[in-house]
Protein chains: 2
Amino acid sequence: MSVTAAKGFSAAGIAAGIKETGNPDLALVVNNGPRRAAAGVFTSNRVKAAPVLWSEQVLKGGEVSAVILNSGGANACTGPKGFQDTHATAEKVADVLGHDAAEVAVCSTGLIGVLLPMDKLLPGVETAAAQLSEHGGEKAAIAIKTTDTVHKTSVVSKDGWTVGGMAKGAGMLAPGLATMLVVLTTDADLDSETLDKALRAATKVTFDRVDSDGCMSTNDTVLLLASGASGITPEYAEFAAAVESVCADLGRQLIGDAEGASKDIKVEVINAASEDDAVEVGRSIARNNLLKCAINGEDPNWGRVLSAIGTTRAVFEPDQLNVAINGVWVCKNGSVGDDRELVDMRYREVHIVADLAAGSETATIWTNDLTADYVHENSAYSS
Amino acid sequence: MSVTAAKGFSAAGIAAGIKETGNPDLALVVNNGPRRAAAGVFTSNRVKAAPVLWSEQVLKGGEVSAVILNSGGANACTGPKGFQDTHATAEKVADVLGHDAAEVAVCSTGLIGVLLPMDKLLPGVETAAAQLSEHGGEKAAIAIKTTDTVHKTSVVSKDGWTVGGMAKGAGMLAPGLATMLVVLTTDADLDSETLDKALRAATKVTFDRVDSDGCMSTNDTVLLLASGASGITPEYAEFAAAVESVCADLGRQLIGDAEGASKDIKVEVINAASEDDAVEVGRSIARNNLLKCAINGEDPNWGRVLSAIGTTRAVFEPDQLNVAINGVWVCKNGSVGDDRELVDMRYREVHIVADLAAGSETATIWTNDLTADYVHENSAYSS
């Protein structure tokens with residue numbers, strides 16, 4: 001499953017010794033062809049990790065034959081030596097596989113500001129290459145975990161072709177794009193332009209709308225690789241829908257495993273004047289620490305929702321806003337609505353609807369509650 | 001002290017029964033003249049509480065003879081009835097004092113979306129008026145507390161004239177302006193235009209740069225009232241400096257008492273291309289939940305600082321950024337700097353310097369750490 005669900009791919013996940021715990025920390029995904037088209041979307045953080053700077057260049061060529069991913073170190077803010085290390089990693093993969101380093105994408109995740117232990121990583125590449133398998137997708141997904149409690153994979157199969165993928169990310173999920181590492185593979189026979197179009201369309205409404213803690217990573221990377229091994233070229237719309245479906249599923253899994261979270265919150269903005277307005281309002285609600293604490297306490301505190309909406313530039317009139325929490329319209333026309341005691345918040349998923357009464361556009365942002373566990377997890381260890 | 005440090009003012013603070021705890025919840029500040037010039041700055045949240053909508057209109061007249069402030073209820077998102085209640089409160093104050101309701105400012109703080117108990121508030125106005133005293137400033141400061149653990153006052157006295165004030169605010173301190181209630185008084189003989197100019201200049205570099213949790217209130221109000229009772233008209237620069245000094249002192253006290261905080265964090269951005277850049281970068285750092293958790297754990301995690309800087313539009317080159325934490329330059333040229341083990345974070349105040357190496361402008365933003373206590377305080381009760 002995972003990145004090896006689609007035909008034409010092999011993968012491996014091993015423990016190279018990068019993590020002091022001895023847990024798996026190095027994943028290799030190889031596209032065995034016949035074609036090696038690829039597209040990528042990267043963090044919009046201006047402080048980019050060395051592997052992001054490298055992989056952005058690789059993707060400009062539109063072809064990726066392999067992706068090497070390590071957890072246990074982000075290789076971000078590591079200066080020229082960090083970039084040399086990324087380059088050396090790609091060269092090593094190319095050397096072992098007999099490919100061109102310019103077609104090897106590199107992803108890293110972990111602590112910022114620490115150089116990778118290349119004496120462990122480079123031998124690890126050989127070990128991983130030796131273990132490449134058409135059933136290795138699961139192991140690869142496990143090897144990219146950081147504070148993730150579970151590994152994340154998703155697959156959609158259509159008439160003779162498949163899109164599958166793996167993701168890691170537990171904290172620091174935020175827009176611009178997704179603050180995560182994701183590798184998607186397909187055996188559909190498509191060129192890099194089509195992959196790029198489908199990937200950008202999908203991330204815009206999935207990973208870009210997953211906002212765990214408002215923080216944006218230096219390492220975000222989402223890659224889509226096509227082997228063409230199915231020999232089938234699907235209709236664009238059908239392919240794009242499959243990619244979006246896999247991205248949505250992985251995004252939902254990321255929120256479900258967000259650091260310390262006890263509630264998954266679906267913020268749905270309706271009747272906005274524009275989609276941009278809907279996204280801006282949804283993000284503002286999703287980033288409101290006070291609301292996220294209230295949800296943690298199972299308190300349907302709609303005043304926090306209105307406060308958050310009020311900080312945006314979206315089109316709305318304060319006395320026309322409506323808010324529902326888990327189906328109860330607790331705020332009507334900007335004021336007290338139905339009895340908040342009616343709101344049942346015992347379950348993990350919480351659904352907030354913000355009705356701007358200003359148009360017909362909509363957007364959904366996923367976030368989670370803010371918990372004492374989140375604070376503990378992010379204060380107790382450097383990550 | 002407090003609002004009665006300056007000559008020409010009386011004040012009172014009483015328990016009207018608005019708070020179920022029976023704690024003081026109603027404050028009255030009266031300007032006894034001879035002049036009643038005033039200026040005000042209000043929340044930039046577009047969802048404004050009824051008392052904000054009312055007081056904005058009052059301040060347009062440039063004269064305020066009294067301010068009535070209640071804790072125990074924000075009177076925000078309460079519809080037309082909420083506005084009627086604010087109006088009735090101002091009328092009651094005017095009636096009792098023999099003033100014009102159009103010169104009575106109203107401030108409220110507490111839970112959003114709940115109507116005030118007018119049957120308790122209106123009789124409370126009479127009780128407060130009966131207790132007005134030139135020594136009542138302290139009691140007034142106590143009556144406006146919500147989750148504040150201490151009341152906040154500050155006074156600057158110059159040659160024959162004084163600026164003093166009180167503030168409340170413990171959570172939800174954020175820019176745009178300050179997310180707090182503040183009343184400043186002076187016996188300097190100045191008109192409302194001068195007061196307005198000095199107040200806006202002061203809040204811009206004080207309350208506007210205090211950002212506890214990134215959330216913006218519906219009720220923020222900062223008022224400056226002048227009685228002229230000293231008979232002295234100070235130089236503008238000297239007066240503006242005194243107002244800024246009182247605002248800075250109160251702002252520092254607000255951060256020091258922020259909900260659940262264990263660290264007060266001074267984020268100083270230096271060598272920015274513009275002051276706007278410096279403020280944007282400072283705010284981005286101050287709002288980074290991951291950094292705020294790391295500081296809570298006494299972890300000098302400078303990677304979080306760089307990640308935050310990278311999300312801004314400020315002028316900088318990633319490989320020229322420098323970051324110091326408590327005097328140790330842990331990040332130099334965008335990469336690893338001095339040994340992070342040298343950073344001593346045992347004390348409550350933490351000083352982060354972000355050097356953008358892009359110019360000569362600077363700005364300082366105050367924030368605090370993110371703690372499990374903050375989560376508990378904001379999840380355990382509706383506020």
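Because the structure is predicted, anything quoted here is derived from the model rather than measured.

Quick notes on the rules
- Residues numbered from 1 in each chain as written.
- Chains lettered and ligands numbered in written order.
- Predicted model: local features only at pLDDT ≥ 70, side-chain atom pairs only at ≥ 80, totals over all residues.
- Heavy atoms only, no water.
- Helix = DSSP H or I, 4+ residues; strand = E, 2+ residues; numbered from the N terminus.
- Rg over C-alpha atoms; globule rule 2.2 N^0.38 Å.
- Contact = heavy atoms within 4.5 Å.
- Areas by Shrake-Rupley, 256 points an atom, 1.4 Å probe, with all protein chains shown as cover.
- Lys, Arg positive; Asp, Glu negative; His and termini not counted.
- Charge placed at Lys NZ, Arg CZ, Asp CG, Glu CD.
- Disulfide = S-S within 2.5 Å.
- Domains from an automatic or database assignment.
- Buried area = accessible area lost by both parts, 1.4 Å probe.
- Salt bridge = Lys/Arg side-chain N within 4 Å of Asp/Glu carboxyl O.
- Polar contact = N/O pair within 3.5 Å; in protein donor to acceptor, adjacent residues only side chain to side chain.
- Nonpolar A, V, L, I, M, F, W, Y, C, P; charged D, E, K, R; others polar.
- Buried < 20%, exposed > 50% of the residue type's maximum accessible area, 1.4 Å probe, protein only.
- Least-squares fit on C-alpha atoms with pLDDT ≥ 70 in both.
- Pairing = 2+ DSSP bridges.
- Axes fitted to C-alpha atoms, helices over the stretch in contact; angles between N-to-C directions.
- Phe/Tyr/Trp six-rings, centres within 6.5 Å; stacked < 30°, edge-to-face > 60°.
- Lys NZ or Arg CZ within 6 Å of the ring centre and 35° of its normal.
- 1 Å grid on protein atoms, 1.4 Å probe; cavity = no way out; pocket = protein on both sides within 12 Å on 5 of 7 lines; lining within 4 Å.
- Points joined across faces, edges and corners; volume = space filled by probe spheres on them.

1. Remarks on the overall build of chain A
Part 1: Within chain A, the regular secondary structure consists of 10 helices and 15 strands.
Part 2: The C-alpha atoms of chain A give a radius of gyration of 21 Å, which matches the 21 Å a tight globule of 383 residues would have.
Part 3: Considering only C-alpha atoms, chain A reaches an extent of 65 × 50 × 35 Å along its principal axes.
Part 4: Of the contacts formed within chain A by residues at least 6 apart in sequence, a portion of 80% connects residues at least 24 apart.
Part 5: About 12800 Å² of surface is accessible on chain A, with carbon and sulfur atoms providing 48% of the total.
Part 6: Taken together, the 31 basic and 50 acidic charged side chains of chain A have centroids lying 2 Å from each other.

2. Considerations on the state of the cysteines
Part 1: Inspection of the entire model under this criterion finds zero disulfides over all chains.
Part 2: This cysteine, A:Cys77, is not joined by any disulfide, and B:Cys331 carries the nearest cysteine sulfur, 6.2 Å off.
Part 3: Unpaired in terms of disulfides, A:Cys107 finds its nearest cysteine sulfur in A:Cys247, a separation of 14 Å.

3. Some points on the domain arrangement of chain A
All names here are of chain A.
Part 1: If you check the domain split of chain A, you get domain 1 (2-256) and domain 2 (264-380).
Part 2: The distance between the C-alpha centroids of domain 1 and domain 2 comes to 32 Å.
Part 3: Here domain 1 and domain 2 share an interface that buries about 1300 Å² over both sides, 38% of which is from carbon and sulfur atoms.
Part 4: On the surface where domain 1 and domain 2 come into contact, there are four salt bridges.
Part 5: For the pair domain 1 and domain 2, the number of links is nine residue pairs in polar contact (both at pLDDT 80 or more).
Part 6: In terms of residue count, helix α6 (residues 236-256) provides more of the side of domain 1 that touches domain 2 than any other element does, three residues in total.
Part 7: Taken together, the residues of the side of domain 1 that touches domain 2 break down into three nonpolar, four polar and six charged.

4. Notes on the pattern of salt bridges
Residues and elements named next belong to chain A.
Part 1: Applying the stated rule across the entire model yields 34 salt bridges over all chains.
Part 2: Here Arg209 ties to Glu275 by a salt bridge, and the two come within 2.6 Å at their closest N and O atoms. Note that Arg209 is positioned in the loop between α5 (192-205) and β9 (221-226) and Glu275 in helix α7 (residues 275-286), a separation of 66 residues in sequence.
Part 3: Of the residues examined, Glu275 reaches a relative accessible area of 28% and is grouped as partly exposed.
Part 4: Salt-bridge contacts for Arg252 lead to Glu349; the nearest nitrogen and oxygen are separated by 3.1 Å. Of this pair, Arg252 sits in helix α6 while Glu349 sits in strand β14 (residues 349-355); the two residues are 97 residues apart in sequence, bridging distant segments of the chain.
Part 5: A relative accessible area of 26% means that Arg252 is categorised as partly exposed.

5. Topic: the relation of the copies chain B and chain A
Part 1: Overlaying chain B with chain A gives an RMSD of 0.1 Å, the required rotation being 180° about an axis along which the chain moves by 0.0 Å. With respect to symmetry, the two chain copies, as superposed, fit the operation of a two-fold axis. Relative to the rotation axis, the C-alpha of B:Ala372 is the closest in chain B, positioned 2.1 Å from it.
Part 2: A share of 100% of interface residues in chain B that are also interface residues in chain A marks the association as one of identical surfaces.

6. Details of the sheet that holds strand β1 (residues 9-14) of chain B
Residue and element names in this part refer to chain B.
Part 1: Pairing is mixed in the open sheet, where four strands are placed in the order β1-β2-β4-β5. The open sheet has two edge strands with one neighbour each: β1 and β5 (104-109). The mean angle between the axes of side-by-side strands here comes to 10°, regardless of whether they run parallel or antiparallel.
Part 2: Of the pairings in the sheet, the one linking β1 to strand β2 (residues 26-31) comprises six bridges and is antiparallel in character. Looking at β2, one finds that Ile14 is bridged to Leu26.
Part 3: Relative to the sheet, helix α2 (residues 79-97) contacts β2, β4 (66-71) and β5, its axis offset from that of β5 by approximately 130°.
Part 4: The sheet strands contacting helix α3 (residues 118-130) are β1, β2 and β4, and the helix crosses β2 at an angle near 50°.

7. Re the interface of chain B and chain A
Part 1: Listed per partner, the contact involves 51 residues of chain B and 51 residues of chain A.
Part 2: Connecting chain B to chain A are zero salt bridges.
Part 3: Among the elements of the structure, α8 (289-296), α9 (302-310), β13 (335-336) and α10 (372-380) of chain B are those that each provide at least two residues to the side of chain B that touches chain A.
Part 4: Taken together, the residues of the side of chain B that touches chain A break down into 21 nonpolar, 24 polar and six charged.

8. Side note on the sheet that holds strand β7 (residues 162-168) of chain A
Residue and element names in this part refer to chain A.
Part 1: Across the sheet, five strands lie side by side as β3-β9-β8-β7-β6; this open sheet has mixed pairing. The open sheet is flanked by β3 (37-42) and β6 (152-157), the only strands paired with a single partner. Across the sheet, the axes of successive neighbouring strands diverge by a mean angle of 10°, strand direction being ignored.
Part 2: Across six bridges, β7 lies against strand β8 (residues 181-186) in antiparallel orientation. Within β8, the position partnered with Met166 by the bridge is Val183.
Part 3: Where α5 meets the sheet, its contacts fall on β3, β8 and β9, and the angle it forms with β3 comes to roughly 30°.
Part 4: The strands touched by α6 within the sheet are β6, β7, β8 and β9, with β6 carrying the most contacts at an inclination of about 155°.

9. Concerning the packing of aromatic side chains
All names here are of chain A.
Part 1: According to the stated counting rule, one finds four aromatic pairs over all chains in the structure shown.
Part 2: Where Trp161 meets Phe239, the ring centres are 5.8 Å apart and the plane angle is 45°; that geometry is what we call tilted. One end of the pair, Trp161, is in the loop between β6 and β7; the other, Phe239, is in helix α6, with 78 residues separating them in the sequence. The pair formed by Trp161 and Phe239 is uniform in burial state, with each residue classed as buried.
Part 3: The aromatic ring of Tyr236 is capped on one face by Lys197, whose charged end is 4.4 Å from the ring centroid.

10. Some remarks on the layout of surface pockets
Part 1: The computed volume of the largest pocket comes to approximately 1400 Å³.
Part 2: Around the largest pocket, the lining is made up of 35 residues, and of these A:Gly214, A:Arg287, B:Gly214, B:Ser284 and B:Arg287 lie nearest the centre.
Part 3: Those elements giving two or more residues to the lining of the largest pocket turn out to be α7, α8 (289-296) and α9 (302-309) of chain A together with α7 (275-286), α8 and α9 of chain B.
Part 4: In terms of residue count, α7(B) provides more of the lining of the largest pocket than any other element does, five residues in total.

11. Observations regarding the environment of A:Gly165
Residues and elements named next belong to chain A.
Part 1: Its place among the elements puts Gly165 in strand β7.
Part 2: Distance in space between the C-alpha atoms of Gly165 and Val183 is 5.5 Å, their sequence separation being 18 residues.
Part 3: Ignoring any residue separated from it by four or fewer positions in sequence, one finds Gly165 in contact with Ser2, Val3, Lys152, Thr153, Ser154, Val183, Leu184, Val246 and Leu250.

12. Here we look at empty space enclosed by the protein
Part 1: All chains considered together, the criterion is met by four cavities of 30 Å³ or more.
Part 2: Within this model, the largest cavity holds a volume of roughly 50 Å³.
Part 3: In terms of lining residues, the largest cavity is bounded by A:Ile68, A:Leu69, A:Asn70, A:Asn75, A:Asp85, A:Thr86, A:Thr89, A:Val106, A:Cys107, A:Ser108, A:Leu116 and A:Leu121.
Part 4: Looking at the lining of the largest cavity, the elements with two or more residues in it are β4 (66-70), α2 (79-97) and β5 (104-108) of chain A.
Part 5: When its volume is computed, the second largest cavity comes out at roughly 40 Å³.
Part 6: Considering the residues around the second largest cavity, the lining is formed by B:Ile68, B:Leu69, B:Asn70, B:Thr86, B:Thr89, B:Val106, B:Cys107, B:Ser108, B:Leu116 and B:Leu121.
Part 7: Counting only elements with at least two residues in the lining of the second largest cavity, the list comes to β4, α2 and β5 of chain B.
Part 8: Across the lining of the second largest cavity, the residue classes tally to six nonpolar, four polar and no charged.

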